[in-house]
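# A structural walkthrough
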Amino acid sequence: MMQPALLLEGVSKRYSGHLAVDDLSLTVPPGTIYGILGPNGAGKSSTLRMVMNIIVRDGGRIALLGADPAREREVLRRVGYLPEERGLYKKMKVLDVIVFFAALKGLDERQARRAGQQWIERMGLGEWTNAKVETLSKGMQQKVQFITTVLHDPELLILDEPTSGLDPVNQEVLRDTILDARRRGKTVIFSTHNMEQAEQLCESVCIIAGGRKVLDGSLREVRRSNRGAHYAVEFDEQAAAAEAFFRANGRFHQVTRQGDGWLVELAPGADARELLARLVELEVPLTRFEHVQPSLHEIFVAHVGGATTPHRRPEPAHV
Amino acid sequence: MSEIWIVVKREFLERVRTKSFLFGTLFFPLFFIGIYSIPFLVGQESRERRLALVDEAPPGVADRFVEVLTTVPPGADADERDTYRIERVEGRLADLRASLTQRVQSEEIDGYVAFPADVVESNSVVFAARNVGNIGVLERIDDAATSAVRTERLRRAGLEGAQLAALTRGVQLQTTRITATGETGGNAFAPLIYAYVVALLTYFLVFFYGVSVMRSVLEEKSNRIAEVIVSSMRASHLLTGKIIGVGGVALLQVGIWALFIIAAITQLDVLAERFDIPPDLFTSVHLNPGVGLALVGFFVLGYLAYAAIFAAMGAAVNTEQEAQSLQMFVVLPLILPMLMTMQISNEPLGRIATVLGLFPLTSSIAMPMRMGVAEVPPLQIVAALLLLVLTLVGVAWLAGKIYRVGILSTGQKPTLKELGRWLRAA
């Protein structure tokens, strides 16, 4: 197997009083889009900050592109990091601020200026090149921040809640750049609590809650192992017979109307073939009988459910 | 090294490019010149003071007083050019006091002088006025009254007329400073002016640019820029680059001012003639290339030490308001030598001056002051510089630790206990 883009083994982080990240292990295959999912306060940002060596881990092993970021800092230059809370120098001009951050990543200034200009055009900020950052709208500032993350063409992009605060149009722009990076063989890791978005983009995910890993793996595996016993059932016409059938058969754990048909969740031990046979026997023609894939959202809710902390804890000092 | 340089460049260019830098560089010397020339210009206009004179003294005493007071001495300073209009009032002070007080209150006169009948024996003269705080006026009245009473005493002892005038003529003091190389001429006030200027300038620069470093740290912290930067470079490099970059701006500004001053010195003859400055004004200030070099050393080291403290402060707090309450403690040792300017320039080799000159937090202001007005033993200068370097290393080490943790933390302002924890953690 190729060297993983990121490997975490038993990583943990304790802030005064509570455990933010608890014995977390995960593997990000290279060249994929990887989602770290979890409710607010689950430990997503703390994990990414430890990976970027912004905060020091209390235990465990981190291999970022094969190197320990705490010991071999140079590896961080090959990574593009978009923090959850964005920060730019407000008084600087857009292109200047982009060139400054690129220079810190080791780009030479002329090269950075040229590439920066291209990215500015690509993000539709052309007329703002020499405007001060503080004159830009919040969404535009986010785009500038994103450019500073990708300008040095890193092998690995780490994006902490990249779409929060973006309007749908700009979310689309961001999505395209992520997919483009993936096409060019880069690895993208991003955190989000938006399951729909993760479902559209990710090949692999890791769901964490309360600082602990709930599940991880490729999206396909995760879906398969969480398929459960949901069946979508539809008939040719609205049939009173079908209605009566479901009402009479309490064995079916749960039945809900869904569109023109029903969603049936089999009780444990019940056989789907038996259900199908009984439905066929009904006088009405059956038009659909399908084993339904659960959405990531449903899997998430099923696993995390009560672990969701609705309010963020006040952020402690990063000691 | 290169990442430090990138930060230095940004901090330097972003500041130098601003209008406020240009404005400050040009405005500050003008402000300085303005402050020092206002009294000069205003002083040129002499004022007339109206005084009432109650004369109960033996004949001749009050006449002599009026004569001395109304004659402007040749070569007098600006504040000695005031003229006095004396109005004699007949009667005794005891009877006149109420009406005189009322006239002073209604601003008809500025005040009154009363010579009692026994002035020669009691040796006391009354002066009452709305304002008795003007030292120039007090001196003039004191001189005139003393001269009048003394003349009367000499007259009683048998001396008369021209003989008397010749005997009581005052002297003019010629000041000369003796240094290791011999005698130099010069103005007695020049060292004091020099000490003030050096102290004020160093204080201003260290404070202004120290606060500038602090604001910059605070900006990176509150805008969460620090997080992005720290994921690309070492926090200590960021801190170093920032302090050097801002220091570069300060040096550039000082350099520009130095050019102004050099230009002014080469034109000193012209200036002296034009503005009535004694041409030997600066010869009594002790400056040579070695001293100049040490001055730059004290300024640079002092700035670095304070900038590191200010940076740590910026990292420890969350808002400028919080920072301001802490600033006071930091600025205190800077102000101390300023308050002691008189003592230091009067006794540059005395105990207070020596201690302030060696103590690392005050030496960058006190030592340049001393060095300008006297020849400080080279050993002391070297010792002070060495102490400053050691302090700088210690302060930078501490500040770096507080900075590393502080720039990434938000929320409550840390307590001293928490700061201790930061020091251990970083």
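Every value quoted in this text rests on a predicted model; they were computed, and no experiment measured them.

What counts, and where the lines are drawn
- Residues numbered from 1 in each chain as written.
- Chains lettered and ligands numbered in written order.
- Predicted model: local features only at pLDDT ≥ 70, side-chain atom pairs only at ≥ 80, totals over all residues.
- Helix = DSSP H or I, 4+ residues; strand = E, 2+ residues; numbered from the N terminus.
- Buried ≥ 20, exposed ≤ 12 C-beta atoms within 10 Å, placed from the backbone.
- Contact = placed C-beta atoms within 7 Å.
- Expected span 1.5 Å × (residues − 1).
- Arc of directions from axis to C-beta.
- Core = buried A, V, L, I, M, F, W, Y, C linked by C-beta atoms within 7 Å.
- Pairing = 2+ DSSP bridges.
- Axes fitted to C-alpha atoms, helices over the stretch in contact; angles between N-to-C directions.
- Parallel < 35°, antiparallel > 145°, perpendicular 65-115°, else oblique.
- pLDDT = per-residue confidence, 0-100.
- Left-handed = near helix turned anticlockwise from the far one by under 90°.

## Things to note about the overall build of chain A
- Broken down by element type, chain A carries 10 helices and 13 strands.
- Overall, chain A is about 75 × 45 × 40 Å in size when its C-alpha atoms are taken along their principal axes.
- Within the span of chain A, comprising 319 residues, buried residues form 37% of the whole.
- Here the contacts in chain A between residues at least 6 apart in sequence split such that 70% fall between residues at least 24 apart.

## Points about the overall build of chain B
- When helices and strands are tallied, chain B shows 18 helices and six strands.
- For chain B, buried positions account for 33% of its 426 residues.
- A fraction of 76% describes how many contacts in chain B between residues 6 or more apart in sequence connect residues 24 or more apart.

## Concerning helix H3 (residues 109-122) of chain A
All names here are of chain A.
- Taking 1.5 Å as the rise per residue, H3 with 14 residues should run 20 Å; its terminal C-alpha atoms sit 20 Å apart, in good agreement.
- Within H3 the residues assigned to the buried category are Ala112, Gly116, Trp119 and Ile120. End-on view of H3: buried residues confined to an arc of 100°, all on one side of the axis. Set apart from the buried face of H3 by more than 90 degrees, the exposed residues are Arg110, Arg114, Gln118 and Glu121.
- Structurally, H3 contributes buried residues whose contacts are with helix H2 (94-104) and helix H4 (138-150).

## With respect to the nonpolar core
- Counting residues in hydrophobic clusters, the biggest one holds 141 residues, and the most contacted among them are Ile98 and Ile158 of chain A together with Ala307, Ala308, Ala311 and Ala312 of chain B.
- Top element by residues in this core is helix H12 (residues 289-316) of chain B. It accounts for 16 residues.
- Once you skip the residues sitting within four places of it in the chain, Ala311 of chain B turns out to touch Val213, Met214, Val217, Leu239, Lys242, Ile243, Ala399 and Tyr403 of chain B.
- If you look at the next biggest cluster of nonpolar residues, it comprises 22 residues, including Val54, Leu69, Leu100 and Val149 of chain B.

## A few points about the sheet that holds strand S1 (residues 6-15) of chain A
All names here are of chain A.
- Strand order across the open sheet formed by three strands is S2-S1-S4, with antiparallel pairing between neighbours. A strand with exactly one partner marks an edge of an open sheet, and here the two such strands are strand S2 (18-28) and strand S4 (59-64). Across the sheet, the axes of successive neighbouring strands diverge by a mean angle of 20°, strand direction being ignored.
- Note that S1 and S2 share seven bridges and pair antiparallel. Bridging across to S2, Val11 finds its partner in Leu24.

## Thoughts on the packing of helix H15 (residues 351-358) of chain B against helix H16 (residues 360-373) of chain B
Residue and element names in this part refer to chain B.
- Look at H15 against H16: their axes get within 6 Å of each other, and the N-to-C directions meet at 130°. What the angle tells us is that H15 and H16 run oblique. Facing Ala353, Leu356, Gly357 and Leu358 of H15, the residues of H16 in contact are Thr362, Ser363, Ala366, Met367 and Arg370.

## Let's talk about the environment of Asp142 of chain B
Residues and elements named next belong to chain B.
- Mapped onto the elements, Asp142 comes out in helix H6 (residues 135-156).
- What makes Asp142 partly exposed here is the crowd of 13 C-beta atoms within 10 Å.
- Distance from Asp142 to Gln105, taken between C-alpha atoms, is 23 Å for residues 37 residues apart in sequence.

## A look at the environment of Ser345 of chain B
Residue and element names in this part refer to chain B.
- Mapping Ser345 onto the fold places it in helix H14 (residues 341-346).
- Of the residues examined, Ser345 has 22 C-beta atoms within 10 Å and is grouped as buried.
- Placed 149 residues apart in sequence, Ser345 and Tyr196 show a C-alpha to C-alpha distance of 9.1 Å.

## Some thoughts on the sheet that holds strand S8 (residues 204-209) of chain A
Residues and elements named next belong to chain A.
- An order of S5-S6-S7-S3-S8-S9 is seen for the six strands of this open sheet, with the pairing classed as mixed. Looking at the sheet topology across the chains shown, the edges are occupied by strand S5 (79-82) and strand S9 (212-218). Direction aside, the axes of adjacent strands within the sheet are offset by 10° on average.
- Direction of pairing for strand S3 (residues 33-37) relative to S8: parallel, over a ladder of four bridges. Paired with Tyr34 across the strands is Ser204, a residue of S8.
- Here helix H1 (residues 44-51) sits on the sheet and contacts S3, strand S6 (156-160), strand S7 (187-192) and S8; the angle it forms with S6, its principal contact strand, is near 145°.
- Sitting on the sheet, helix H10 (residues 296-304) touches S3, S8 and S9, and the angle it makes with S8 is about 30°.

## Structural notes on unusual backbone geometry
- For Asp153 of chain A, which is not glycine, the phi torsion reads 50° and is therefore positive.
- For Asp153 of chain A, the position within the fold is in the loop between H4 and S6.
- Of the residues examined, Asp153 of chain A has 14 C-beta atoms within 10 Å and is grouped as partly exposed.
- Phi is positive for Glu107 of chain B, which is not a glycine, with a value near 65°.
- Checked against the element boundaries, Glu107 of chain B lands in the loop between helix H4 (93-105) and strand S3 (111-115).
- The class for Glu107 of chain B is exposed, based on 9 C-beta atoms found within 10 Å.

## Let's talk about the environment of Glu84 of chain A
All names here are of chain A.
- The topology assignment puts Glu84 in the loop between S5 and H2.
- Accessibility expressed as a C-beta count within 10 Å gives 16 for Glu84, which makes it partly exposed.
- As a C-alpha pair, Glu84 and Glu274 span 190 residues in sequence and 51 Å in three-dimensional space.
- Discounting residues that sit within four places of it in the chain, Glu84 has contacts with Ser45, Asp160 and Glu161.

## Describing helix H1 (residues 2-16) of chain B
Residue and element names in this part refer to chain B.
- With 15 residues, H1 should reach 21 Å at 1.5 Å per residue; the first-to-last C-alpha distance of 21 Å fits that figure.
- Within H1, burial applies to Glu3, Ile6, Val7, Arg10, Glu11 and Arg15. The arc enclosing the buried residues of H1, seen along the axis, measures out at 145°, which places them on a common side.

## Some words on the confidence of the model for chain A
- Chain-level statistics for chain A give a pLDDT mean of 85 and a share of 93% at 70 or above.
- In this model, residues 307-319 of chain A is a region of pLDDT below 50 whose contacts with residues beyond four sequence positions or in other chains number 28 contacts.

## Remarks on the packing of H12 of chain B against helix H17 (residues 378-406) of chain B
Residues and elements named next belong to chain B.
- H17 packs onto H12 with a crossing angle of 20° between their chain directions and a minimal axis gap of 8 Å. The angle between H12 and H17 places the two elements in the roughly parallel class. Every pair of crossing elements has a handedness; the one defined by H12 and H17 is left-handed.

## As for the confidence of the model for chain B
- Chain-level statistics for chain B give a pLDDT mean of 81 and a share of 83% at 70 or above.
- Both scores are given for the predicted complex: the pTM is 0.73, the ipTM 0.75.

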